[in-house]
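The chain contents come next:
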Amino acid sequence: MRIVLDGMGGDNAPAEIVKGAVQAAAAVDHDIIIVGKQEAIEEELRNCKYTGDKITIVPANDMITMEDSPVKAIRRKKDASMVVGLNMIKNGEGDLFISGGNTGALVVGSRLLLGRISGIDRPVLASIYPCLGYEPSLLVDAGASSESKANNLLEYGLMGSIYVEKVWGRKAPRVGLVNLGVEEGKGTSVTKDAYQRLKLTDLNFVGNVEAREIPKSACDVIVCDGFVGNVILKLTEGLAWNILKTVKGKLMTNIKTKLAAVMLKTQLMELKGDFDYEEYGGAPILGVNGPVIKIHGSSTASAVKNAVIKGIPYAEENVVETIRKAMLDVAETIEIDEEE
C-alpha cells in the first residue's frame with residue numbers, strides 16, 4: 001500500500017509530518033510518500049537520521065494556506081502539496097491520502113478532484129467523538145455542510161455505519177439521529193423525514209438521540225448536519241478542557257490536595273487521554289472516490305503516526321466500493337417504498 005502524506009499541510013509542517021512518517025514507517029510495512037518542498041522534507045529526514053527505503057518524496061512547490069479560499073486554491077494552485085496528493089489518489093499512484101491542511105480546501109478538493117461516489121449527493125467530514133468509559137463514536141457531519149436535506153442525513157448514517165464496521169471492526173454499529181427528543185415525531189421537517197428514511201434501511205437504527213446522551217455512547221454513529229455537529233464537537237472540547245483545568249486548579253490548592261493529585265496522576269492522565277485527538281488518528285472524508293483523512297492542523301508526529309496506522313483499514317477494507325454498492329441497495333429500497 002502507498003500512503004500519501006501532505007508534507008506541507010498543518011501548523012507544524014513539514015517537521016512533524018516527517019517525524020510522524022518516520023515513526024509510522026517503523027510501525028507498518030507499507031510505502032509512505034511525502035508530498036511537498038523537496039529540500040525542506042529532505043532536511044527533516046536528515047534531522048530524523050532516517051536511512052530506510054520506505055519513505056519517498058514527490059515534489060510540490062506550492063501550498064494551500066489556512067487563509068486561502070478553498071475553491072480558488074484547489075483550482076489555481078495546481079502545484080500545491082494537497083492538490084498533487086489528491087491527484088495521486090485519483091491517478092492510482094497512491095491508496096490513502098492524509099492531510100492536516102485547510103479543512104475546507106481538503107473537502108472541496110476531494111469532491112472536485114476525486115469526484116463523488118455514485119449515488120452520494122454530498123460527501124461528508126466525519127469525526128471521532130470521545131465517550132467517557134466507552135469506545136468513541138463517529139460523528140457525521142463534523143462541519144462540511146451547515147445545512148443538510150433528509151436524504152443527506154440518510155447518506156451520512158449509511159456511510160458512517162460502513163466506516164465504523166469496516167475500519168473499527170464493530171458489527172452492526174448503532175446509528176442515531178441527533179434530535180431534541182427521542183420520540184419519533186420530534187424535530188424539524190428534515191429530521192422527521194430523515195427518521196423515516198433511516199427506518200427503511202437495514203442499518204441498526206436506534207432512533208433519535210438527545211445531545212446529553214451522546215457522551216454516554218448512545219450510539220456508534222452520530223448523524224446530524226454540519227452546523228449541529230460542529231457545535232457538538234466544539235462544546236464538548238471546550239467543556240472537557242475547562243473541567244480538566246478546574247480539577248487541576250482544585251488539586252493545587254494546598255498540601256493535602258497536592259498529595260491527592262500525585263496519587264491520582266495516572267487516572268488523571270488517562271482521563272486527559274480520552275479527549276486527546278492525537279490518539280484517535282484522523283477524520284475520514286466519506287462519499288468521495290478515494291480514501292482521504294483529515295488530521296488536526298496542529299498535529300504532532302504522534303498524531304501523524306496514529307493517522308497512518310489507523311487509516312490503513314480505510315483503504316484495505318475497500319470502504320469506498322462498499323459505500324458505492326450500499327447506495328445502490330438503499331436507492332432501490334427508498335424508491336420502492338415511495339412508489340407504494
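Novice: Got a sec to walk through empty space enclosed by the protein? Specific residues and values, please.
Specialist: With a probe scaled to a water molecule rolled over the atoms, the places where space remains empty come into view. Counted by the stated rule, this structure contains one cavity of 30 Å³ or more. In this model, the largest cavity occupies a volume close to 40 Å³. Considering the residues around the largest cavity, the lining is formed by G9, G10, D11, N12, A13, I17, G100, I295, H296, G297, S298 and S299. Its residues placed into classes, the lining of the largest cavity shows three nonpolar, eight polar and one charged.

Novice: Outline unusual backbone geometry, supporting the account with residue identities and numerical values.
Specialist: In this model, A13 is joined to P14 through a cis peptide bond whose omega is 0 degrees. Mapped onto the fold, P14 is located in the loop between β1 (2–6) and α1 (15–27). Here the residue pair V140 and D141 is connected by a cis peptide bond, since its omega of 25 degrees sits within 30 degrees of zero. Position of D141 relative to the elements: it lies in the loop between β6 (137–140) and α6 (150–167). Within the chain, K49 stands out as a residue other than glycine whose phi angle is a positive 55 degrees.

Novice: I'd love a proper account of the pairing of strand β4 (residues 96–99), names of residues and values included.
Specialist: Put simply, side chains in a regular strand alternate between the two faces of the sheet. Where burial is concerned, the two faces of β4 agree: the one with L96 and I98 and the one with F97 and S99 are both buried. In this sheet, strand β11 (residues 292–294) lies alongside β4 in parallel orientation, the contact comprising three bridges. Along β11, the bridge assignment pairs S99 with K294.

Novice: Summarise a nonpolar patch on the surface; cite the residues concerned and give the values.
Specialist: Together, F227, V231 and L235 make up an exposed nonpolar region whose accessible area comes to about 320 Å². Here F227 is to be found in helix α8 (residues 226–251). Classification of F227 by relative accessible area gives exposed; the value is 54%.

Novice: If you had to explain the pattern of salt bridges to someone new, which residues and values would you point to?
Specialist: Summed over all chains, the structure comprises 13 salt bridges. Two residues, D220 and R174, come together in a salt bridge whose shortest N-O distance is 3.1 Å. Of this pair, D220 sits in the loop between β8 (204–209) and β9 (221–223) while R174 sits in strand β7 (residues 174–178), placing them 46 residues apart in sequence. Taking relative accessible area as the criterion, D220 reaches 8% and is therefore assigned buried.

Novice: If you had to explain the sheet that holds β9 to someone new, which residues and values would you point to?
Specialist: Within the open sheet, the eleven strands sit side by side as β3-β2-β1-β4-β11-β10-β5-β6-β9-β7-β8. Their pairing is mixed. Both edges of this open sheet fall to β3 (55–59) and β8, since each of them pairs with a single strand only. Adjacent strand axes in the sheet meet at a mean angle of 25 degrees, parallel and antiparallel pairs treated alike. In this sheet, β6 lies alongside strand β5 (residues 124–129) in antiparallel orientation, the contact comprising four bridges. Each residue of the ladder has a partner; that of Y129, found in β6, is S137.

Novice: Describe the packing of aromatic side chains, with residues and values.
Specialist: This model, assessed by the stated rule, comprises three aromatic pairs. Consider the rings of Y163 and Y314, whose centres lie 5.3 Å apart with planes at 85 degrees: the pair is edge-to-face. A residue pair is termed long-range when its members are at least 10 positions apart, and Y163 in helix α6 and Y314 in helix α11 (residues 301–316) qualify at 151 residues. For the residue pair Y163 and Y314, the accessibility class agrees, reading buried in each case.

Basis of the calculations
Residues numbered from 1 in each chain as written. Predicted model: local features only at pLDDT ≥ 70, side-chain atom pairs only at ≥ 80, totals over all residues. Heavy atoms only, no water. 1 Å grid on protein atoms, 1.4 Å probe; cavity = no way out; pocket = protein on both sides within 12 Å on 5 of 7 lines; lining within 4 Å. Points joined across faces, edges and corners; volume = space filled by probe spheres on them. Nonpolar A, V, L, I, M, F, W, Y, C, P; charged D, E, K, R; others polar. Helix = DSSP H or I, 4+ residues; strand = E, 2+ residues; numbered from the N terminus. Buried < 20%, exposed > 50% of the residue type's maximum accessible area, 1.4 Å probe, protein only. Pairing = 2+ DSSP bridges. Patch = residues over 30% accessible without salt bridge, like charges linked within 9 Å, V, L, I, M, F, W, Y side chains within 5 Å. Areas by Shrake-Rupley, 256 points an atom, 1.4 Å probe, with all protein chains shown as cover. Salt bridge = Lys/Arg side-chain N within 4 Å of Asp/Glu carboxyl O. Axes fitted to C-alpha atoms, helices over the stretch in contact; angles between N-to-C directions. Phe/Tyr/Trp six-rings, centres within 6.5 Å; stacked < 30°, edge-to-face > 60°.

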